[in-house]
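Residues per chain, in single letters:
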Amino acid sequence: MTIRDLTASDIDAAAALWHQAGLTRPWNSPELDAQRALDGDTSTVLGAFDDERLVGAVMVGHDGHRGWVYYLAVDESQRGTGLGMRMTVAAEDWLRTNGVAKVQLMVRSGNDAVLGFYEHLGYEDANVQVRSKWLFQPAS
């Protein structure tokens, strides 16, 4: 299993994973979101590959202050294997490498399984349905 930045040729496979995981909404094109992330200097989409098959994808980026994780999905055949945690760590590492001290993400209310997943990884309730985790303490 390897985790690497996706390329434009991987976008359709990533969007298929995001659809499979129920992360997409009709008003938001995951293909356009992924292309914007790949085109930006402060964002990317990471993919986990089992041989040549994409089995996990996560979009990650930052605004210069806070990092954000979007669209974390793992293929149904790989759920429960720890791949979701590896993808989260890869996104956090990407942010650390880019000098970002804090990572945040949003989970839809009522998605208790995903809320539990992120709580297990150390993400805290920010009382606005945003999860955040300090990657390192900023200099004061």
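Note that the coordinates shown come from a computational prediction; the quantities given were computed from them, not determined experimentally.

Visitor: Could you give an account of the layout of surface pockets, naming the residues involved and the relevant values?
Guide: Its boundaries defined by the atoms lining it, the largest pocket holds a volume of some 1100 Å³. Taken together, 42 residues form the lining of the largest pocket, with L23, Y70, Y71, L72 and Y118 sitting closest to its centre. Taken together, the residues of the lining of the largest pocket break down into 23 nonpolar, 13 polar and six charged.

Visitor: I'd like a rundown of the pattern of salt bridges, residues and numbers included.
Guide: Summed over all chains, the structure comprises five salt bridges. For R53, the salt bridge identified is with D75, shortest N-O distance 3.0 Å. Of this pair, R53 sits in strand 3 (residues 53-62) while D75 sits in the loop between strand 4 (66-74) and helix 3 (83-97), placing them 22 residues apart in sequence. A salt bridge links D93 to R96; its shortest N-O distance comes to 2.9 Å. Placement of both D93 and R96 in helix 3 is noted, with a separation of three residues, approximately one turn of the helix. With a relative accessible area of 37%, D93 lands in the partly exposed category. Take R96: its relative accessible area is 33%, and that puts it in the partly exposed class.

Cut-off values and rules
Residues numbered from 1 in each chain as written. Predicted model: local features only at pLDDT ≥ 70, side-chain atom pairs only at ≥ 80, totals over all residues. Heavy atoms only, no water. 1 Å grid on protein atoms, 1.4 Å probe; cavity = no way out; pocket = protein on both sides within 12 Å on 5 of 7 lines; lining within 4 Å. Points joined across faces, edges and corners; volume = space filled by probe spheres on them. Nonpolar A, V, L, I, M, F, W, Y, C, P; charged D, E, K, R; others polar. Salt bridge = Lys/Arg side-chain N within 4 Å of Asp/Glu carboxyl O. Helix = DSSP H or I, 4+ residues; strand = E, 2+ residues; numbered from the N terminus. Buried < 20%, exposed > 50% of the residue type's maximum accessible area, 1.4 Å probe, protein only.

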